[in-house]
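For reference, the chains in residue letters:
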Amino acid sequence: MTQDDGELDALVRKRIRALRVAQGWSLDELATRAQLSPSTLSRIENGQRRLALDQLVTLARALDTTLDQLVETATDDVITSPTIDAAHGQMRWPVRADPGMTVVRRRMTDPPPDSPARMRAHPGREWLVVLSGTAILLLGNRRIRVETNQAAEFPTMLPHAIGAEGGPCEILGIFDRDARRGHQRGEGTEGASRSRG
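Computed from a predicted model, the values in this text were never measured in an experiment. (Residues numbered from 1 in each chain as written. Predicted model: local features only at pLDDT ≥ 70, side-chain atom pairs only at ≥ 80, totals over all residues. Heavy atoms only, no water.)

J.: Which residues make up helix 3 (residues 38-46), and what values go with them?
T.: Along helix 3, the residues classified as buried are T40, L41, I44 and E45. End-on view of helix 3: buried residues confined to an arc of 135°, all on one side of the axis. (Buried < 20%, exposed > 50% of the residue type's maximum accessible area, 1.4 Å probe, protein only. Helix = DSSP H or I, 4+ residues; strand = E, 2+ residues; numbered from the N terminus. Arc of directions from axis to C-beta.)

Rendered as structure tokens:
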């Protein structure tokens, strides 16, 4: 076993224990879920038993993760710099773990549109958190106030738009691939992009 193999082995053992503790499970609880004996699980966590692939697969499933995530070692490029979209007042970060996901930070000053024709619907899901100020989310026939530190998650097949209320607000939005595409197609629409979610 090389030094790298030894480091990966130790990392996987620590990760199993950390995931178990994060779930609030005892050794007995995880052992039951993974169909292992508590003593076997204890020896796996403590490095006293060889890591077997079949046990790792079972443990990953019991811990509600994947084998890839359990053995992942890539820690390069932890920091990501945004791309700046000055025309729309946005900063965007891709999510490396899921290339279809995008994080967008936006400062809004305009209220939501007053015409239902300016609301949009498209495939996907969106999640947003208000960093400062108050946002108004128009969602179908609903008008929802989203205050600082509150979040909203919604299917984008519902007609929707977002704007500021009572002054500027800043939001952080997370878009899946379909939602991001839906917004990219509509960003050229004159005047509407600043107030849409």
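Continuing now.
J.: Give a detailed account of the nonpolar core, specifying residues and quantitative values.
T.: Residues I16, L30 and L59 are the most contacted members of the largest nonpolar core, which totals 16 residues. Of all the secondary structure elements, the ones that give two or more residues to this core are helix 1 (3-23), helix 2 (27-34), helix 3 and helix 4 (53-62). If you tally residues by element for this core, the top one is helix 4, at four residues. Excluding residues within four positions of it along the chain, L59 makes contact with I16, L30, A34, L36, L41 and I44. Counting residues in hydrophobic clusters, the runner-up holds 13 residues, among them L137, A152, F154 and I171. (Core = buried A, V, L, I, M, F, W, Y, C linked by side-chain atoms within 4.5 Å. Contact = heavy atoms within 4.5 Å.)

J.: Tell me about the packing of helix 2 against helix 3, and name the residues and values.
T.: Here helix 2 crosses helix 3 at 105°, and the two axes come no closer than 8 Å. In terms of their interaxial angle, helix 2 and helix 3 are classed as roughly perpendicular. Only P38, L41, S42 and E45 of helix 3 make contact with helix 2, whose side of the interface consists of L27, D28, L30 and A31. Grouping the constituent residues of the contact of helix 2 with helix 3 by class yields five nonpolar, one polar and two charged. (Axes fitted to C-alpha atoms, helices over the stretch in contact; angles between N-to-C directions. Parallel < 35°, antiparallel > 145°, perpendicular 65-115°, else oblique. Nonpolar A, V, L, I, M, F, W, Y, C, P; charged D, E, K, R; others polar.)

J.: A description of the environment of I174 should follow, citing residues and the corresponding values.
T.: Within the secondary structure, I174 sits in strand 7 (residues 160-175). Considered as a pair, I174 and R92 are 82 residues apart in the sequence and their alpha carbons are 9.7 Å apart.

J.: Summarise helix 4; cite the residues concerned and give the values.
T.: The complete set of buried residues in helix 4 reads Q55, L56, L59, A60 and A62. Along the axis of helix 4, the buried residues cluster in a sector spanning 160°; they form a single face. With respect to the buried face of helix 4, the exposed residues turned more than 90 degrees away are L53, D54 and R61. Where helix 4 terminates, the next one or two residues include D64, which has phi positive at roughly 60°.

J.: Outline the packing of helix 2 against helix 4, supporting the account with residue identities and numerical values.
T.: Where helix 2 contacts helix 4, the axes come no closer than 8 Å and their chain directions differ by 110°. One finds that helix 2 runs roughly perpendicular with respect to helix 4. Pair helix 2 / helix 4 crosses with right-handed handedness. Contacts between helix 2 and helix 4 involve L30, R33 and A34 from the former and T58, L59 and A62 from the latter. For the contact of helix 2 with helix 4, the per-class residue count stands at four nonpolar, one polar and one charged. (Left-handed = near helix turned anticlockwise from the far one by under 90°.)

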